[in-house]
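Descriptive structure summary
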Amino acid sequence: MSRTRTALALGMAAAAALTVASTTAHAAPLPLAGSTTVTPAGHAFKASLSGKATLKAGSVTVTCSVSVSTGSVPAAPGNHNAAGPVSSPISPPTYSSCTSSMPGVTPTVTTSGAWSVSMQNGSPVTATMTVPTGGLVVHTSGLATCTVTAAPGGPASVPATWANGAPSSLTFTNASVPVTVTGGFGCPTSATSSTFNAVYLVSDTTDSAQQITVTP
């Protein structure tokens, strides 16, 4: 066999081996998420801000000291997922008593749309809050008139952690949220994401003697 034909054969063999390896790697199944159960099934809950919530876009930080959202645990058997998270719709969180890091600027936060939160048991228990398209808007007035719109291009998933307790808590730590910013002088119009920090205490409003709990 000539050198040219030998080289061609070796090259084709190598390409075939790479193709098989690539196909095998892509075909490898992903590990399944563990089971999750949220209790008490069917109970309503209220998530109330503990401390302050901050939303930072560029050099501007909006801080709110009051925020509330409500929802309910799915009725059985929907409160259990053998291989993944359990999701619950929640009311759009309200935000009030808000201030801005920019002197002379007053922020107002409005929310709308279909929000939800999902819980995945693990170590730690993780949570994901889904913000609908354009579901949170910050308007500022005063020395700078700006509009910050969260999840501008589609629903956004905001990661958090959950801790069972009395009451249980939902914590957002430097969670990234996509945004667009419009406005004039002083507005962080180049920002494409914001950083969200907040801790919510979650109480059972159907039976105050019980706690909302996430287990396998």
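Our subject is the structure listed above.
Residues numbered from 1 in each chain as written. Predicted model: local features only at pLDDT ≥ 70, side-chain atom pairs only at ≥ 80, totals over all residues. Heavy atoms only, no water.

**Some details on the state of the cysteines**
In the structure shown here, the tally under the stated rule is 2 disulfides. Residue cysteine 64 pairs covalently with cysteine 98 via a disulfide, S to S 2.0 Å. Its S-S torsion of about 105 degrees marks the bond between cysteine 64 and cysteine 98 as right-handed, since a negative value means left-handed. With cysteine 64 in strand 4 (residues 60-72) and cysteine 98 in strand 7 (residues 94-100), the pair connects residues that are 34 residues apart, well separated along the chain. A residue is classified by how much of its surface remains accessible, and cysteine 64, at 4% relative accessible area, is buried. In this model, cysteine 146 is linked to cysteine 187 through a disulfide, with the two sulfur atoms separated by 2.0 Å. (Disulfide = S-S within 2.5 Å. Helix = DSSP H or I, 4+ residues; strand = E, 2+ residues; numbered from the N terminus. Buried < 20%, exposed > 50% of the residue type's maximum accessible area, 1.4 Å probe, protein only.)

**Let's talk about unusual backbone geometry**
The residue after threonine 39, namely proline 40, is reached through a cis peptide bond having omega -5 degrees. When you line up the elements, proline 40 lands in the loop between strand 1 (36-39) and strand 2 (44-49). Residue proline 77 follows alanine 76 across a cis peptide bond; omega there is 5 degrees. As for its placement among the helices and strands, proline 77 is situated in the loop between strand 4 and strand 5 (80-81). Despite not being glycine, alanine 151 has its phi angle at roughly 55 degrees, a positive value.

**Details of the sheet that holds strand 5**
The 3 strands lie next to each other as 5-1-16, forming an open sheet whose pairing is antiparallel. Looking at the sheet topology across the chains shown, the edges are occupied by strand 5 and strand 16 (213-215). Bridge count between strand 1 and strand 16: 3 bridges; the pairing is antiparallel. Bridge assignment links threonine 37 to a residue of strand 16, and that residue is threonine 215. (Pairing = 2+ DSSP bridges.)

**Brief notes about the pairing of strand 2**
Where burial is concerned, the two faces of strand 2 differ: the one with Phe45, Ala47 and Leu49 is buried and the one with Ala44, Lys46 and Ser48 is not. Inspection of the sheet shows strand 2 paired to strand 4 by 5 bridges, in the antiparallel sense. Looking across to strand 4, one finds that alanine 44 is bridged to serine 72. Here 5 bridges tie strand 2 to strand 15 (residues 193-204), and the two strands are oriented antiparallel to one another. Looking across to strand 15, one finds that alanine 47 is bridged to valine 202.

**Concerning the side chain of histidine 43**
As for its placement among the helices and strands, histidine 43 is situated in the loop between strand 1 and strand 2. Judged by relative accessible area, histidine 43 falls into the buried class, the value being 14%. Ignoring any residue separated from it by four or fewer positions in sequence, one finds histidine 43 in contact with Ser72, Val73, Asp204, Thr206, Asp207 and Gln210. (Contact = heavy atoms within 4.5 Å.)

**Looking at the packing of aromatic side chains**
Where two aromatic rings form a pair, the distance of their centres and the angle of their planes describe that pair. Tallied over the entire structure, the rule returns 2 aromatic pairs. Measuring from centroid to centroid gives 5.2 Å for phenylalanine 172 and phenylalanine 196, while their planes differ by 55 degrees, and the two rings are tilted. Residue phenylalanine 172 is found in strand 14 (residues 168-183), and its partner phenylalanine 196 is found in strand 15; the two are separated by 24 residues along the sequence. Phenylalanine 196 shares its class with phenylalanine 172; the two are buried. Cluster of aromatic residues (ring-pair linked, three or more members): Phe172, Phe196 and Tyr200. (Phe/Tyr/Trp six-rings, centres within 6.5 Å; stacked < 30°, edge-to-face > 60°.)

**Some words on the environment of lysine 52**
Within the secondary structure, lysine 52 sits in the loop between strand 2 and strand 3 (53-57). Sequence spacing of lysine 52 and threonine 63 is 11 residues, and the spatial spacing of their C-alpha atoms is 6.6 Å. Apart from residues lying up to four places away in sequence, lysine 52 is in contact with Thr63, Cys64, Ser65, Asn197 and Ala198.

**A short note on the side chain of threonine 36**
With respect to the helices and strands, threonine 36 occurs in strand 1. Accessibility expressed as a relative area gives 0% for threonine 36, which makes it buried. At 3.2 Å, the side chain of threonine 36 forms a polar contact with the side chain of glutamine 120. (Polar contact = N/O pair within 3.5 Å; in protein donor to acceptor, adjacent residues only side chain to side chain.)

That's the geometry; what it means functionally is another story.
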